[in-house]
Amino acid sequence: MAGHSQFKNIMHRKGAQDAKRAKQFAKVIREITVAARSGLPDPATNPRLRAAISAAREVNMPKDTVERAIKKATGAGGGDDYVEVRYEGYGPAGVAVIVEALTDNRNRTAAEVRAAFSKYSGSLGETNSVSFMFQRLGVITYPASVATEDEMLEAAIEAGADNVVSTAESHEVTCEVESFFAVRDALETKFGEPESAKLDWRPENTVALDEDKGRTVLKLLDVLEDNDDVQNVYANFDLPEEVAAALSA
């Protein structure tokens, strides 16, 4: 399991999911804003907006909130002007970290991200200083109940995907970034709306952490994720089961 996924699971077990609901909404609204301005405000003709609306459903955002965000982004004045920024660096134990942000003030966001790395024994690097250790992929997830393993594999290959991992709970389809929207749309036509559909950074290799280093890394990621400008955080660490259990206790 990827490091950031373990981090999410641990935080959810601590009951932090509800506490972060408002921040989740704010982050999704920023993505809707940028997506709506990047093309037409119609999700049928704007793939990025469709993905943003899908992310809104994942966090149970009310439909009227989504519609208001689109109208605000495309109306007179258009609200705040956000730009996409990616930060890369190293955390404790040499863990590689990628931070994706949408900000209306690059200087503020860079200073806050740099301060978080410094506080937790990390260092912010240049763009592309750690991303070469990750794969950029499109990831589409369906519940296992929508199709058999063979049916999903056949449909995914026909759609242009690279791989499918099926478990008792879910099907995870991965594809190249350039094929993401085409694969997602083809699968949606056949199986309905996916549980999630997003672009992801997957580590090529991971760094195993003990309890002390794991605790510090999780604190760093928590501070980064708590930043209003930060949309996504990815890291290439691995927590052995006993360490994960100790940290989530």
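See above for the structure.
Residues numbered from 1 in each chain as written. Predicted model: local features only at pLDDT ≥ 70, side-chain atom pairs only at ≥ 80, totals over all residues. Heavy atoms only, no water.

What about the pattern of salt bridges?
Next, step 1: Taken as a whole and judged by the stated rule, the model has 18 salt bridges.
Next, step 2: Counted as one network, the salt bridges with shared partners bring together Arg30, Asp104, Arg108 and Asp229. (Salt bridge = Lys/Arg side-chain N within 4 Å of Asp/Glu carboxyl O.)

Some remarks on the pairing of strand S2 (residues 96-103)
Next, step 1: In terms of residue burial, S2 counts as a mostly covered element, since eight of its eight residues are buried.
Next, step 2: Residues of S2 alternate between two faces, with Ala96, Ile98, Glu100 and Leu102 on one and Val97, Val99, Ala101 and Thr103 on the opposite face, all of them buried.
Next, step 3: In textbook terms, the turn of a hairpin is the stretch between consecutive antiparallel strands, and for strand S1 (residues 83-90) and S2 this stretch comprises five residues, one of which, Ala93, has a positive phi near 60°.
Next, step 4: Where S2 and strand S9 (residues 230-235) come together, five bridges link them in antiparallel fashion. Directly across from Val99, in S9, lies its bridge partner Val233. (Buried < 20%, exposed > 50% of the residue type's maximum accessible area, 1.4 Å probe, protein only. Helix = DSSP H or I, 4+ residues; strand = E, 2+ residues; numbered from the N terminus. Pairing = 2+ DSSP bridges.)

Some thoughts on the sheet that holds strand S5 (residues 163-166)
Next, step 1: Within the open sheet, the four strands sit side by side as S5-S6-S4-S7. Their pairing is antiparallel. What marks the edges here is a single partner per strand, and that holds for S5 and strand S7 (196-203). Pairs of neighbouring strands in the sheet enclose a mean axial angle of 30°, with direction left out of account.
Next, step 2: As judged from the four bridges shared by S5 and strand S6 (residues 170-176), these two strands associate in the antiparallel manner. Of the residues in S6, the one forming a bridge with Val164 is Val173.
Next, step 3: Across the sheet, helix H8 (residues 180-191) lies against strand S4 (134-143), S6 and S7, angled at about 10° from S4, the strand it touches most. (Axes fitted to C-alpha atoms, helices over the stretch in contact; angles between N-to-C directions. Contact = heavy atoms within 4.5 Å.)

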